[in-house]
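Secondary and tertiary structure notes
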Amino acid sequence: MAENDLESTAKELVAPGKGIWATDASTPTMDKRLTAAGITPTLETRTMFREVLISTPGLGEFISGVILYDETIRQRTSEGIGFVDLLQKQGIVPGIKVDKGTVELEGSPEEKVTEGLEGLSERLAEYKQMGAKFAKWRAVISIGDGIPSQRCIEPNAQRLASYAKFCQEQGLVPIVEPEVLMDGEHTIEKSEEITTAVLLNVFAQLKEQKVALEGIILKPNMVLSGYKCQTQAGLEEVAQMTIRTLLKTVPKEVPGIVFLSGGQDVILATARLNEICKTKDLPWKVSFSFERGLEGPAMEIWKNEVENGKAVQSALYKRAKLNSLASQGQYLEEMENEL
Ligand code: 13P
């Protein structure tokens, strides 16, 4: 694919008022969620939940792209319509998670490196044939006593860049996701320091491996107080420190930045996104690429009322709409009760 095709897909993914829905939980993660909901995890139950969500009417008003998982991209609804076709009919761009999860970093069991480069080009070519136009790879960095180490940051950045290069060669837009986890007692200042170091390493590697920045999307964490930190930074401080971190690290050629929700309370994730997106004149488009921040409430409803597909869809639609408003800095907390 020519470079400007990559650019136009990247731009489409961050079109005004739209964000990306990540529904790419791996089979083991999905099975854990189903088990917690008291539902026997099978191919059938996994497909049923995803079919209900992907069939939500009107999703294309707020969602530009959906990140699928290897199992899901191959699936069909009970009426025989491919999930990919269903998304395309709504004007939604299909994407695919292509990393193969994390393993322990040798010699540092609390740190992880992401795997999946082996055979990646072939897998990308197959996904492209199936209709995927973009991909996702997630690196995970933990903050703790003496971690992260440079030994962890560096290979994760290198692999993200190699993945991005493979994607562009195969004509898919890479979503580059270096997630600094917010679990722990650390302060927001520590989050800023580590997120800055990680992003600087990632962009150094992208440059080194000659990835075209105009044809990627960055998916970072927001800069927050650790979830167990005694002092929790307010909305304005989160927005200010997140923007400051990104301005220091993300080149202006990058067309879009979409945040992950990272296990935050769903309403807080929307309110923080809104505060960030009120900032004027940023060099890149800013929006969301949430999984739990979009699907969380729908899963809660599904837990109790598996038969009530409409209520499950309404819950997803509501979060998609509110996050779309937040991506334009137009969200108000009272809207939570209006929809
Ligand atoms: P969360 O929004 O639940 O953090 O998920 C986003 C994602 O795609 C993680 O890889």
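All of the points below concern the structure found in this document. Quick caveat: nothing in here was measured; it's all calculated off a predicted structure.

Turning to helix H7 (residues 150-170), a few remarks are in order. For H7, built from 21 residues, the straight-helix expectation of 30 Å at 1.5 Å per residue is met to within 8% by its first-to-last C-alpha distance of 30 Å. One or two steps after H7, the chain reaches Gly171, where phi turns positive at roughly 85°.

Looking at the ligand, the residues that line it are Ala22, Lys136, Arg138, Glu177, Lys219, Leu260, Ser261, Gly262, Ser289, Phe290, Glu291 and Arg292. Separating an oxygen atom of the ligand from a side-chain N or O atom of Ser261 is a distance of 2.5 Å. Interatomic distance of 2.6 Å between a backbone N/O atom of Gly262 and an oxygen atom of the ligand. Computed on the free molecule, the ligand has an accessible area of 300 Å², of which 96% lies beneath the protein chains in the complex. Secondary structure elements with two or more residues in the shell around the ligand: strand E6 (134-141) and strand E10 (285-290). Residue composition of the shell around the ligand, by class: three nonpolar, three polar and six charged.

Okay, the packing of helix H2 (residues 27-36) against helix H11 (residues 292-304) next. Packing of H2 against H11 leaves a shortest axis separation of 10 Å and a crossing angle of 40°. In terms of orientation, H2 and H11 fall into the oblique class. Between H2, through Met30, Arg33, Leu34 and Ala36, and H11, the contact on the second element is made entirely by Arg292, Glu295, Met299, Trp302 and Lys303. Residues that form the contact of H2 with H11 fall into these classes: five nonpolar, no polar and four charged.

This paragraph deals with the nonpolar core. Formed by 104 residues in total, the largest nonpolar core has its most connected members in Trp21, Ile63, Tyr163, Phe203, Leu206, Leu218 and Phe259. Ranked by residues supplied to this core, first place goes to H7 with eight residues. Non-local contacts of Tyr163, meaning those with residues more than four positions away in its chain, are made with Val98, Leu117, Leu120, Ala135, Lys136, Trp137, Pro174, Ile175 and Val176.

Bringing the sheet that holds strand E9 (residues 256-259) into the picture now. Read around the closed barrel, the eight strands follow the order E1-E2-E3-E6-E7-E8-E9-E10; overall the barrel is parallel. Bridge count for strand E2 (residues 63-68) against strand E3 (residues 93-97) is four bridges, and the pairing is parallel. Counterpart to Leu68 in the pairing with E3 is Ile96.

Tallying each qualifying case throughout the model produces 16 salt bridges. Arg33 serves as the salt-bridge partner of Glu291, at 3.4 Å between the closest nitrogen and oxygen. Of the two residues, Glu291 sits in the loop between E10 and H11 while Arg33 sits in helix H2, which places them 258 residues apart along the sequence. According to the relative accessible area criterion, Arg33 is partly exposed, its value standing at 24%. Two residues, Glu336 and Arg319, come together in a salt bridge whose shortest N-O distance is 2.8 Å. On the criterion of sequence distance, the pair formed by Glu336 in helix H13 (residues 335-338) and Arg319 in helix H12 (residues 309-326) is long-range, its members being 17 residues apart.

On to the side chain of Thr77. Mapped onto the fold, Thr77 is located in the loop between helix H4 (70-73) and helix H5 (83-89). Excluding residues within four positions of it along the chain, Thr77 makes contact with Glu51, Phe83 and Leu86.

To continue, consider the packing of aromatic side chains. Inspection of the entire model under this criterion finds four aromatic pairs. On the basis of an interplanar angle of 70° and a centroid distance of 5.3 Å, the ring pair of Phe62 and Tyr317 is categorised as edge-to-face. With a gap of 255 residues between them, Phe62 in the loop between helix H3 (43-54) and E2 and Tyr317 in helix H12 connect regions that are remote in the sequence. Judged by relative accessible area, which is 9%, Phe62 ranks as buried. Ring geometry for Phe288 and Phe290: centres 5.6 Å apart, planes at 45°, overall tilted. By the burial criterion, Phe288 is buried, and Phe290 matches it.

Looking now at the side chain of Lys219. The residue Lys219 is located in the loop between strand E8 (217-218) and helix H9 (235-249) in this model. For the buried residue Lys219, which engages in no salt bridge, the nearest side chain bearing the opposite charge is Glu177, 4.1 Å off. One polar contact links Lys219 to Ser289, side chain to side chain, over a distance of 2.8 Å. Not counting residues up to four positions away in its chain, the partners in contact with Lys219 are Ala22, Ile67, Lys136, Ile175, Val176, Glu177, Pro178, Val258, Leu260 and Ser289.

Relative placement of two packed helices is described by the angle separating their axes and the distance separating the axes. For the pair helix H6 (residues 120-129) and H7, interaxial distance at closest approach is 10 Å and the crossing angle is 45°. It follows that H6 is oblique to H7 by the angle criterion. The two elements H6 and H7 meet at a crossing, and its hand is right-handed. Within the contact between the two elements, H6 uses Leu120, Ser121, Leu124, Ala125 and Lys128 and H7 uses Tyr163, Phe166, Cys167 and Gln170. Along the lines of polarity and charge, the residues of the contact of H6 with H7 split into six nonpolar, two polar and one charged.

Calculation rules
- Residues numbered from 1 in each chain as written.
- Predicted model: local features only at pLDDT ≥ 70, side-chain atom pairs only at ≥ 80, totals over all residues.
- Heavy atoms only, no water.
- Helix = DSSP H or I, 4+ residues; strand = E, 2+ residues; numbered from the N terminus.
- Expected span 1.5 Å × (residues − 1).
- Near = heavy atom within 4 Å.
- Polar contact = N/O pair within 3.5 Å; in protein donor to acceptor, adjacent residues only side chain to side chain.
- Areas by Shrake-Rupley, 256 points an atom, 1.4 Å probe, with all protein chains shown as cover.
- Nonpolar A, V, L, I, M, F, W, Y, C, P; charged D, E, K, R; others polar.
- Axes fitted to C-alpha atoms, helices over the stretch in contact; angles between N-to-C directions.
- Parallel < 35°, antiparallel > 145°, perpendicular 65-115°, else oblique.
- Contact = heavy atoms within 4.5 Å.
- Core = buried A, V, L, I, M, F, W, Y, C linked by side-chain atoms within 4.5 Å.
- Buried < 20%, exposed > 50% of the residue type's maximum accessible area, 1.4 Å probe, protein only.
- Pairing = 2+ DSSP bridges.
- Salt bridge = Lys/Arg side-chain N within 4 Å of Asp/Glu carboxyl O.
- Phe/Tyr/Trp six-rings, centres within 6.5 Å; stacked < 30°, edge-to-face > 60°.
- Lys, Arg positive; Asp, Glu negative; His and termini not counted.
- Left-handed = near helix turned anticlockwise from the far one by under 90°.

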